[in-house]
Amino acid sequence: MAPQDQTRKAAAEKAVSGDASESESLDISARLLAWYDAHHRDLPWRVTPGALARGTRPDPYRVWLSEVMLQQTTVEAVKAYFRTFVEKWPSVEALAAAPAEDVMKAWAGLGYYSRARNLKACADLVARQGGRFPDTEAGLRELPGIGAYTAAAIAAIAFDRPAAVVDGNVERVISRLYSIETPLGEAKPEIRALVEKLVPQKRPGDFAQAMMDLGATICTPRRPRCMLCPVREDCSAILSGDPERFPVRLPKDDKPLRRGAAFVAERGDGAILLRKRPDKGLLGGMTEVPTTTWTARIDGATTPDAAPFPADWRRAGRIGHVFTHFALELEVFHAHIKGDVPDGHFWSLTHEISGEALPTVMKKVIEAAIPGATKKRPH
């Protein structure tokens, strides 16, 4: 092994064992911040390093909103939703004053709908408390829908607190930087401890965003661009010749497959019957066509015999959808009805399918029965 490689390996081993000096950690942080100053992503919720230096402060509302949206969702998918939200509701007080149904409609398509319910609950609480977000991790964690990661991110980015912000991108960067052999699920405390050593007292918010940007643009899951990495001289995974091996993961279990049926009832003028799901549980508060009683744990009926009312139900196809913990397969049935909503059913008729709070799985169902229906405009 070349002398410089031996030095880098020794430095990495020292960091993992906890023997790395403060100066070594600060050196890594300084080089990462310098890289971020030159190569940061321009994002609609971000205050750039230059703007920060000129005295512009991040808006905690926008930081919070973006972080909630970014949970389990890509940056590209979030951009348009974020812009829509801040145009409709430019402050936490405005969001709190909005009807919950409007918030769910604006959220439709982002998935993980419990986030939208918690978003509204959090806005309501913050508005009642004067419209100011807590400026500490502990205080932020008291709010609905804010866990350890989101609290740390808001504290660092909005309030410049030296918090350890650890998302999937950061886990990958740290796992490679220190060649962590422990499987990711068990390595999280180790990774967090290493991030805590790296967080600088000055510019912790920029440091958190720099780590995220590094993982998103350079230290990517596949084909990382190691030659462009600002901390490549300290990265022990480069020595292994296989940085993609990190983070180490255990084999994933196959997701269970659940089955059920969905029923799309269409009136002659094109209106479709919809109903609102219960506020709690999977897809809580969202709009749907009626389905059989499938859940993450049990199958529902899959035949037209289970339809909510008699009609000439015809099979329109089958759709699949993958949730976090299970996959779903629905048989889709379509029927034309006459008149108004059938008696005894708390449903609504709508032509403006595109304006409904429809989760993606329901859009798939309706599209299977009536191609193009989810793109309709008001009648």
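In case you missed it, the structure is sitting above this.
Note that the structure is predicted; figures quoted are calculated from it, not measured.

(A) Quick look at the overall build of the chain. Helix and strand counts for the chain come out as 15 helices and six strands. Taking contacts inside the chain between residues at least 6 apart in sequence as the whole, the part at least 24 apart equals 68%. Accessible area of the chain: about 18700 Å², with a carbon and sulfur share of 51%.

(B) Layout of the packing of aromatic side chains. Scanning the entire structure with this criterion turns up eleven aromatic pairs. The interplanar angle of 70° and the centroid separation of 5.0 Å between the aromatic rings of Phe85 and Trp89 together place this pair among those described as edge-to-face. For the pair Phe85 and Trp89, a shared accessibility class is recorded, and that class is buried. Their ring planes at 20° and their centres at 4.8 Å tell us that Phe323 and Phe326 sit as a pair that is stacked. Here Phe323 matches Phe326 in class, with each residue buried. Every member of this aromatic cluster is reached through a ring pair, and the members are Phe263, Phe309, Trp313 and Phe333. One residue, Lys88, lies across the ring of Trp89, its end atom 5.9 Å from the ring centre.

(C) Molecular detail of the packing of helix H4 (residues 60-70) against helix H10 (residues 148-159). Running from N to C, H4 and H10 point in directions that differ by 150°, and their axes come no closer than 9 Å. Between H4 and H10 the crossing geometry is right-handed. Between H4 and H10, the contacting residues are Pro60, Val63, Trp64 and Glu67 on the first element and Tyr149, Thr150, Ala153, Ile154, Ile157, Ala158 and Phe159 on the second. In terms of residue class, the contact of H4 with H10 is made up of nine nonpolar, one polar and one charged.

(D) Local environment of helix H7 (residues 100-107). Within H7 the residues assigned to the buried category are Val103, Met104, Ala106 and Trp107. Down the axis of H7, the buried side of the element spans an arc of 160°, and every buried residue falls inside it. Phi turns positive one or two residues past the end of H7, at Gly109, with a value near 105°.

(E) Layout of a positive patch on the surface. Taken together, the side chains of Arg222, Arg249, Lys252 and Lys255 make up a positively charged region of the molecular surface. Inspection of the secondary structure puts Arg249 in the loop between helix H14 (236-240) and strand S1 (257-267). Given a relative accessible area of 56%, Arg249 falls into the exposed group.

(F) Examining the pairing of strand S4 (residues 314-322) more closely. Sheet analysis places S4 next to strand S5 (residues 327-337), joined by eight bridges and oriented antiparallel. Its bridge partner lying in S5, Arg318 is registered against Glu331. Taken together, S4 and the strand that follows it, S5, pair antiparallel across an intervening segment of four residues.

(G) Geometry of the nonpolar core. The biggest cluster of nonpolar side chains holds 101 residues, and the ones touching the most others in it are Trp64, Phe85 and Ile174. Of all the elements, H10 adds the most residues to this core, at eight residues. Discounting residues that sit within four places of it in the chain, Phe85 has contacts with Leu65, Met69, Pro90, Leu95, Val103, Ala106, Trp107 and Leu119. Ala261, Phe263, Ala307 and Ala335 belong to the second largest nonpolar core, which has ten residues in total.

(H) Structural view of the environment of Ser66. Among the structural elements, Ser66 can be located in helix H4. Taking the C-alpha atoms as reference points, Ser66 and Lys79, 13 residues apart in sequence, are found 8.7 Å from one another.

(I) A look at the environment of Thr220. Inspection of the secondary structure puts Thr220 in the loop between helix H13 (204-217) and H14. Taking the relative accessible area as the measure of exposure, Thr220 reaches 16% and is therefore buried. Distance in space between the C-alpha atoms of Thr220 and Arg172 is 8.1 Å, their sequence separation being 48 residues.

(J) Structural view of the pairing of S1. Across the eleven residues of S1, nine count as buried, placing the element largely inside the fold. In the sheet, S1 pairs with S5 via eleven bridges, with the strands oriented parallel. Bridge pairing links Arg258 to Leu328 in S5.

Conventions we followed
Residues numbered from 1 in each chain as written. Predicted model: local features only at pLDDT ≥ 70, side-chain atom pairs only at ≥ 80, totals over all residues. Heavy atoms only, no water. Helix = DSSP H or I, 4+ residues; strand = E, 2+ residues; numbered from the N terminus. Contact = heavy atoms within 4.5 Å. Areas by Shrake-Rupley, 256 points an atom, 1.4 Å probe, with all protein chains shown as cover. Phe/Tyr/Trp six-rings, centres within 6.5 Å; stacked < 30°, edge-to-face > 60°. Buried < 20%, exposed > 50% of the residue type's maximum accessible area, 1.4 Å probe, protein only. Lys NZ or Arg CZ within 6 Å of the ring centre and 35° of its normal. Axes fitted to C-alpha atoms, helices over the stretch in contact; angles between N-to-C directions. Left-handed = near helix turned anticlockwise from the far one by under 90°. Nonpolar A, V, L, I, M, F, W, Y, C, P; charged D, E, K, R; others polar. Arc of directions from axis to C-beta. Patch = residues over 30% accessible without salt bridge, like charges linked within 9 Å, V, L, I, M, F, W, Y side chains within 5 Å. Salt bridge = Lys/Arg side-chain N within 4 Å of Asp/Glu carboxyl O. Lys, Arg positive; Asp, Glu negative; His and termini not counted. Charge placed at Lys NZ, Arg CZ, Asp CG, Glu CD. Pairing = 2+ DSSP bridges. Core = buried A, V, L, I, M, F, W, Y, C linked by side-chain atoms within 4.5 Å.

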